[in-house]
Structures are given as C-alpha cells and as structure tokens.
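Fold and geometry: a report
What follows is the residue order along each chain.
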Amino acid sequence: MRKYELPKLNFNFSDLEPYMDEKTVEIHYSKHHQNYLNNFLTIIEKYPQINELEITEILKNINSYDLPTEDKQKIINNGGGYYNHNLFWLNLGKEKELNEKLKQEIIENFNSLENFKKEFSEKSISHFASGWTWLIRDENNKLQIYSLKNQDCPLTLGHIPILNLDLWEHAYYLKYQNRRADFIENFWNIIKILDL
Ligand code: MN
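The present account deals with the structure reproduced in this document. Fair warning: this is a prediction, and the values are worked out from it, not measured in the lab.

The rules we used
- Residues numbered from 1 in each chain as written.
- Predicted model: local features only at pLDDT ≥ 70, side-chain atom pairs only at ≥ 80, totals over all residues.
- Heavy atoms only, no water.
- Helix = DSSP H or I, 4+ residues; strand = E, 2+ residues; numbered from the N terminus.
- Buried < 20%, exposed > 50% of the residue type's maximum accessible area, 1.4 Å probe, protein only.
- Contact = heavy atoms within 4.5 Å.
- 1 Å grid on protein atoms, 1.4 Å probe; cavity = no way out; pocket = protein on both sides within 12 Å on 5 of 7 lines; lining within 4 Å.
- Points joined across faces, edges and corners; volume = space filled by probe spheres on them.
- Nonpolar A, V, L, I, M, F, W, Y, C, P; charged D, E, K, R; others polar.
- Donors = N, O, S within 2.8 Å, 3.2 Å for Na, K, Ca; no water.

**So, the side chain of T133**
- Structurally, the position occupied by T133 is in strand β1 (residues 131–137).
- Since its relative accessible area comes to 0%, T133 is described here as buried.
- With residues near it in sequence (within four places) discarded, T133 still touches F120, K123, S124, I145, Y146, S147, L163, N164, L165 and L167.

Right, here's the structure in full:
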C-alpha cells in the first residue's frame, strides 16, 4: 500500500492571520484534514488493486473501478477530502510565489483578473451548503470556475484542479460565524500564486 500522508505545510498555523485565524487553521489541518486521511486509509486498505496508486489517479478513475457503491462513495468523500485539502494548503501563504503564466491565462479566459475574482467570489457566495469553489482546466485547455458539493473533486470530471476554496463551515466558522462572504473576500489576501 502506498504511504499516503498529510502534506507538510509551508506556513505556521498563525501565519495566515488575520484572514484565517490560527485556531481554525490548526483544527482544519490537524483534525479535519487528518480525519479525511484516516478514513480514506481505512477504506482503501481493502483494495490492494487501487491502493498503490496516487490519490489523483484514484479520484480520476473512481467510476471505472469495480467497487461496492458504499465504499466508492467513502473514497469519493474521504479521498476527495484528503486531496482537496492538499491542494488548498499548497496555494495558501502571505509570501507571494506568483504564477505569471497562470495570470496571463486567467486574463485570456476571464478578460481581467478583476472579472475572474468577481466570478469566483460570486460562485462561492451562491454555493448552497458544504462544498468547494474550483478554478480548473477543462478538457479543451480552457479555465473554468464552478462549485461542487461536499468533497467532490474535478479530477473525477476529467478536469485539472488549479485553485480551490473550502466552503465548509469548519473552514471559517470560529472566526467568521455566518459571515461567509467576508471569509471569501479575505481569501484573496492569502493566495500566494496570484496577486489579486
Ligand atoms: Mn476543510
């Protein structure tokens, strides 16, 4: 079985203050993210034909394996929860590591950085209940923004995830309570790959 692990964070829990508070980041990473990983390990242990693969491969091909419906859903939920958070943390930080190529592509696809930011924020605000907002590259190499429920992952749709925002209450509730729009607005301050 492959050794699936939590990624090492490139920042300390308090480094995203005041936009994401220390306590939330700590619980989010060491409890929620860890819990998705633990549950994923428990279920994937049963499937040696799959558990040597990268998590990205598993999520990409989840519909092509011969799995009982319930276990397949557990892998979607917990493997998705594991992978989605890996990407989330990777893109966060106050020290910028700008991706100029991505910036140019965003401008080409959404006309301007402002439009991109507006569309991403609006889709985040209007998403109902738990899920994530995604910036993805589709099969025609075009960038798209959409939200998906729960821990569903664009990899399963054949898309390549680029940037994501966690819309689950555990991502913001301690600091922001019901003010999800404020949390979404503050997210732009801690994306390290884009200057928005
Ligand atoms: Mn989360």
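**Concerning the layout of surface pockets**
- Each pocket or cavity is described by its volume, and for the largest pocket that value is around 160 Å³.
- Residue lining of the largest pocket: R2, K3, Y4, E5, E54, I55, T56, Y82, Y83, N86 and L87, and that is the complete set.
- Elements that contribute at least two residues to the lining of the largest pocket include exactly α2 (55–60) and α3 (69–90).
- A per-element tally of the lining of the largest pocket places α3 first, with four residues.
- Across the lining of the largest pocket, the residue classes break down as five nonpolar, two polar and four charged.

**Here's the deal with the coordination of the manganese ion**
- On the protein side, the manganese ion has H28 (NE2), H85 (NE2), D166 (OD) and H170 (NE2) as donor atoms, found 1.9 to 2.1 Å from it.
- For the manganese ion, all donor residues lie on one chain, and their spacing in sequence is H-x56-H-x80-D-x3-H. Taken as a pair, H85 in helix α3 and D166 in strand β3 (residues 160–166) lie far apart in primary sequence, 81 residues in all. In terms of burial, H85 and D166 fall into one category: buried.

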